[in-house]
Amino acid sequence: MDQFDHFSFFSVSFLDRRPPSSHSIPMDSAQNHRLPSPIHIVTSSTCVEFTNLLHSLRQSTVVGLDAEWKPRQSSQPDSSPFPPVTVLQIACQLQAESFDEGPKSEVFLVDLLGVPLGDVYQPIKEMFESENIVKLGFRFKQDLVFLSHTFSTQGCEPGFDLVAPFLDITNIYFRLKNQNSAKRCSKDTKSLATVCEELLGISLSKELQCSDWSSRPLSAEQIQYAAADAFYLIEIFSIFQQNFVNEGECAPNVSEGNDDHCKMIQSIVRNFGDKIVLKDSDKVPKNTKKKVRQRKCINGNKKESVETSTEWQGPAPWDLSVGGDGLPKFLCDVMIEGLAKHLRCVGIDAALPSTKKPDPRELLNQAYKEKRVLLTRDIKLLRYQYLAQNQVYKVKSLLKNDQLVEVIETFKLSIVEDQLMSRCTKCNGNFIQKPLTLEEAVEASKGFQVIPSCLFDKNLEFWKCTTCHQLYWEGTQYRHAVDKFVSICKLKD
């Protein structure tokens with residue numbers, strides 16, 4: 001989940017707070033990265049969109065790739081080792097017809113439940129392996145494993161084993177952020193939403209990631225979501241291309257002209273190109289043996305099994321009847337970080353794990369010490385409830401708005417309009433008691449945060465987080481956010 005979502009509510013904030021230089025990364029506005037229209041939905045091999053897809057692949061120099069599948073529930077039987085891919089997103093960057101136009105992009109959503117896989121298998125395989133097309137993806141290896149299994153089980157042997165040349169957007173991000181460093185790029189985990197926020201200035205919602213991608217027809221929201229995941233890969237690559245040219249890393253006589261575009265791409269591939277190669281071991285689920293051992297253990301020693309009710313039993317650790325202070329406090333695991341930000345927006349104390357990849361014991365220990373209820377979507381954590389009574393609740397809803405309403409109703413939280421936007425959405429801290437003037441805010445932001453000059457002639461109050469010192473002001477986005485949560489929480493009813 002994107003750790004920078006809080007900027008969309010209060011302020012326009014620059015994530016790279018270093019002074020501008022010739023090495024700075026351009027921060028384009030969201031208006032410059034709108035999805036192309038129309039988004040082409042390929043539902044059969046006889047439709048016009050299928051023909052357009054084949055034509056675009058022949059004209060493409062760069063493609064962005066992503067895939068969607070129906071998420072599995074832990075209670076479902078393992079009928080197949082991998083979930084079948086139901087939608088394949090392909091964003092194509094086409095060669096410009098003239099120098100003045102520049103490259104344009106088209107986005108195709110291939111409905112793998114409608115298109116016969118045998119008809120689309122060869123064109124996709126050729127695109128994956130074409131030396132003339134750069135493939136872009138975000139941690140695409142897992143997608144390729146699932147795609148390969150989907151096609152091979154439908155008679156398209158041996159599936160897909162190779163994608164080359166390939167560039168991972170995560171590596172592009174770290175190269176852009178560490179241009180002057182000769183050290184190997186950091187492998188610190190970044191979500192695609194975070195990358196898009198930092199490089200494109202776009203808030204990319206991931207709420208529909210776990211929606212039912214096997215249901216037809218796809219909703220308008222699903223179509224936009226799926227198209228965005230592939231299209232923005234190309235937009236990020238375009239920034240990388242421009243940076244490549246500006247830094248003078250192109251081969252001699254290579255420019256942005258139409259005739260030299262392919263040479264520039266080839267130069268980028270020589271310097272940064274990679275590939276994905278699937279081995280036989282990649283096509284076997286890594287947790288198969290582990291699951292077998294777990295089943296044997298459960299069946300052989302049933303007395304150790306723990307009842308895992310998904311209903312809240314209560315009372316909460318902050319309840320006055322058990323010695324609490326009466327102030328609701330939650331701990332949201334990594335699967336529902338977005339819910340934590342929503343809770344903070346309505347004034348509720350909602351912390352995140354103290355480490356990036358905590359094990360269950362660490363989560364429960366943090367919840368116990370801080371007298372919080374652990375909110376999770378992982379039913380496995382409920383098995384540890386015996387270690388900390390009444391401190392784990394499984395959130396049933398998928399979308400953040402619905403999750404917020406569920407938590408409010410389950411724990412009977414009292415939300416009033418005065419509470420809205422009263423906590424720091426970045427770190428969960430409290431604000432200073434007295435607002436800052438513009439002069440005080442400018443002084444407090446030095447070397448830390450940039451206040452847009454367009455605010456200087458407005459009579460605004462600024463609020464500073466006492467923990468992380470992030471500055472906020474009540475601009476247009478703030479008012480939109482207040483209206484949003486008034487509606488979600490039904491405070492006007």
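Notes on the structure follow.

Reading guide: rules and limits
Residues numbered from 1 in each chain as written. Predicted model: local features only at pLDDT ≥ 70, side-chain atom pairs only at ≥ 80, totals over all residues. Heavy atoms only, no water. Helix = DSSP H or I, 4+ residues; strand = E, 2+ residues; numbered from the N terminus. Buried < 20%, exposed > 50% of the residue type's maximum accessible area, 1.4 Å probe, protein only. Areas by Shrake-Rupley, 256 points an atom, 1.4 Å probe, with all protein chains shown as cover. Expected span 1.5 Å × (residues − 1). Arc of directions from axis to C-beta. Pairing = 2+ DSSP bridges. Axes fitted to C-alpha atoms, helices over the stretch in contact; angles between N-to-C directions. Parallel < 35°, antiparallel > 145°, perpendicular 65-115°, else oblique. Contact = heavy atoms within 4.5 Å. Nonpolar A, V, L, I, M, F, W, Y, C, P; charged D, E, K, R; others polar. Salt bridge = Lys/Arg side-chain N within 4 Å of Asp/Glu carboxyl O. Core = buried A, V, L, I, M, F, W, Y, C linked by side-chain atoms within 4.5 Å. Polar contact = N/O pair within 3.5 Å; in protein donor to acceptor, adjacent residues only side chain to side chain.

**So, the overall build of the protein**
Secondary structure summary: the protein contains 14 helices and 13 strands in total. Put simply, the protein has 493 residues, and 48% of those count as buried. If you sum the accessible surface of the protein, you get close to 25600 Å²; carbon and sulfur atoms cover 50% of it.

**Brief notes about helix 14 (residues 476-488)**
The end-to-end C-alpha distance of helix 14 is 19 Å, a good match for the 18 Å that 13 residues give at a rise of 1.5 Å each. Inspection of helix 14 places Y478, A481, V482, F485, V486 and I488 among the buried residues, and these make up the whole buried set. The arc enclosing the buried residues of helix 14, seen along the axis, measures out at 165 degrees, which places them on a common side. Opposite the packed face of helix 14, turned more than 90 degrees from it, sit the exposed residues H480, D483 and S487. Residue K490 follows helix 14 closely and has a positive phi angle near 55 degrees.

**Structural notes on the sheet that holds strand 1 (residues 40-42)**
Strand order in this open sheet of 7 strands is 1-4-3-2-5-6-7, and the pairing throughout is mixed. Here the strands that pair on one side only, and so sit at the sheet edges, are strand 1 and strand 7 (274-277). Averaged over all neighbouring strand pairs, the angle between strand axes comes to 35 degrees, with direction disregarded. Sheet topology places strand 3 (residues 85-94) next to strand 4 (residues 104-111); 8 bridges connect them, and they run antiparallel.

**Details of the packing of helix 7 (residues 220-246) against helix 8 (residues 261-272)**
Closest axis-to-axis distance for the helix 7/helix 8 pair is 11 Å, and the angle between their directions is 90 degrees. Taken together, the axes of helix 7 and helix 8 are roughly perpendicular relative to one another. Contacts from F237, F240, Q241, F244 and V245 in helix 7 reach H261, M264, I265, S267, I268, N271 and F272 in helix 8. In terms of residue class, the contact of helix 7 with helix 8 is made up of 8 nonpolar, 4 polar and no charged.

**Focus on the pattern of salt bridges**
By the definition in use, this model includes 11 salt bridges. One salt bridge connects D282 with K141, and the closest N-O pair in it is separated by 3.5 Å. With a gap of 141 residues between them, D282 in the loop between strand 7 and helix 9 (288-300) and K141 in helix 4 (residues 140-152) connect regions that are remote in the sequence. By relative accessible area, which is 39% here, K141 ends up partly exposed. Ionic pairing is found between K329 and D325, a salt bridge with its closest N-O pair at 3.1 Å.

**Quick word on the pairing of strand 10 (residues 373-376)**
Alternating residues of strand 10 divide into V373 and L375 and L374 and T376, and every residue in both groups is buried. Judged from the 3 bridges that link them, strand 10 and strand 11 (residues 392-394) form a sheet pairing that is parallel. Note that in strand 11 the partner of L374 across the bridge is V392.

**Digging into the nonpolar core**
Within the largest apolar cluster, 45 residues are counted, with the highest numbers of intra-cluster contacts made by L136, I172 and F237. Where this core is concerned, the elements lending two or more residues are strand 3, strand 4, strand 5 (134-137), helix 5 (169-177), helix 6 (192-200), helix 7 and helix 8. No other element matches the 15 residues that helix 7 contributes to this core. Contact partners of F237, with chain neighbours within four places excluded, come to V62, L136, L167, I172, I265 and I268. By size, the runner-up hydrophobic cluster in this structure holds 38 residues, among which are V63, L65, I124 and F166.

**Some remarks on helix 13 (residues 438-445)**
Residues of helix 13 that are buried include every one of L438, A441 and S445, and no others. Seen along its axis, helix 13 keeps its buried residues to an arc of 60 degrees; they face one direction. Tucked inside the fold, the buried residues of helix 13 contact strand 12 (462-464) and strand 13 (471-473). A positive phi of about 70 degrees marks G447, the residue just after helix 13.

**Concerning the environment of E370**
Looking at the secondary structure, you find E370 in the loop between helix 11 (360-369) and strand 10. With 19 residues separating them in the primary sequence, E370 and A351 have C-alpha atoms 9.7 Å apart. Each residue touching E370, except ones within four places of it in the same chain, is listed here: K329 and A351. One polar contact links E370 to R372, side chain to side chain, over a distance of 2.6 Å.

**Some thoughts on the pairing of strand 8 (residues 329-332)**
Covered by surrounding structure in strand 8 are K329 and L331 together with F330 and C332, the residues of both alternating faces. Relative to strand 9 (residues 349-351), strand 8 runs parallel, the two sharing 3 bridges. Of the residues in strand 9, the one forming a bridge with F330 is A350. Where strand 8 and strand 10 come together, 3 bridges link them in parallel fashion.

**Examining the sheet that holds strand 9**
The strands making up a sheet associate through backbone hydrogen bonding, with each pair oriented either parallel or antiparallel. With respect to topology, 4 strands assemble into an open sheet ordered 9-8-10-11, the strand pairing being parallel. Two strands bound the open sheet, and with one partner strand each, they are strand 9 and strand 11. Pairwise comparison of adjacent strand axes, ignoring direction, gives a mean angle of 30 degrees for this sheet.

**Overview of the side chain of S130**
Position of S130 among the secondary structure elements: in the loop between helix 3 (117-129) and strand 5. A relative accessible area of 19% places S130 in the buried class.

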